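Structural description and commentary
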Amino acid sequence: MKAIPVAVRERIIQLYDQGKGTAEIAASFGYCVAAVRRVRQHYQARGPLQPQTHRCGRKTLLTDARKARLLQLLEQRPDATLAELGAPFKRPASTLDLWLTRLGWSCKKNAARQRAVAARRGRAKKAVAPTAGGRARRPAGVRG
């Protein structure tokens, strides 16, 4: 849901100062009563009417200390895999991949995957016996 614009927030506070009720203000602007009440409560608690969107969202796990330690590990072993880099931090490789991207580093390609793809090129496909639902077909009337 989008934040209530600052101009509307100012008008809500002005109407409260004029003695209007919460339900009346909410009906005139088309917002729910709780949203209008929350505007007034936040204004009384902290003052400014600007939405505090900078405080939303998940905080990063890449603190300054972890950033320095990660850069130090990269200087010592620039060819380390994501799993090797993540072991001292007790973090999965996916987290390290995000951290390295944020720091401007890229990961090297997976050599094993490249070899597997290269080995298949140029080979003819083997004939596969027809199956039903992943199992080999049996002749009718045979059990076992």
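Residues numbered from 1 in each chain as written. Predicted model: local features only at pLDDT ≥ 70, side-chain atom pairs only at ≥ 80, totals over all residues. Heavy atoms only, no water.

**Things to note about the environment of Glu24**
Position of Glu24 relative to the elements: it lies in helix α2 (residues 22-29). Residues Glu24 and Val36 lie 12 residues apart in sequence; the distance between their C-alpha atoms is 10.0 Å. (Helix = DSSP H or I, 4+ residues; strand = E, 2+ residues; numbered from the N terminus.)

**Notes on the nonpolar core**
If you look at the biggest cluster of nonpolar residues, it comprises 12 residues: Ile4, Val8, Ile12, Ile13, Leu15, Tyr16, Ile25, Ala26, Ala35, Val36, Val39 and Leu49. Of all elements in the fold, only α1 (6-17), α2 and α3 (33-46) reach the threshold of two or more residues within this core. At five residues, α1 tops the list of elements feeding residues into this core. Setting aside residues up to four positions removed in sequence, Val36 forms contacts with Ile12, Tyr16, Thr22, Ile25, Ala26 and Tyr31. (Core = buried A, V, L, I, M, F, W, Y, C linked by side-chain atoms within 4.5 Å. Buried < 20%, exposed > 50% of the residue type's maximum accessible area, 1.4 Å probe, protein only. Contact = heavy atoms within 4.5 Å.)

**Focus: the layout of surface pockets**
In this structure, the largest pocket spans a volume of roughly 270 Å³. As for the largest pocket, its lining consists of 14 residues, and the residues nearest its centre are Ala3, Ile4, Arg9, Arg38 and His42. A total of five residues in the lining of the largest pocket trace back to one element, the largest contributor, which is α3. Residue classes in the lining of the largest pocket are distributed as eight nonpolar, two polar and four charged. (1 Å grid on protein atoms, 1.4 Å probe; cavity = no way out; pocket = protein on both sides within 12 Å on 5 of 7 lines; lining within 4 Å. Points joined across faces, edges and corners; volume = space filled by probe spheres on them. Nonpolar A, V, L, I, M, F, W, Y, C, P; charged D, E, K, R; others polar.)

Geometry only, nothing functional implied.
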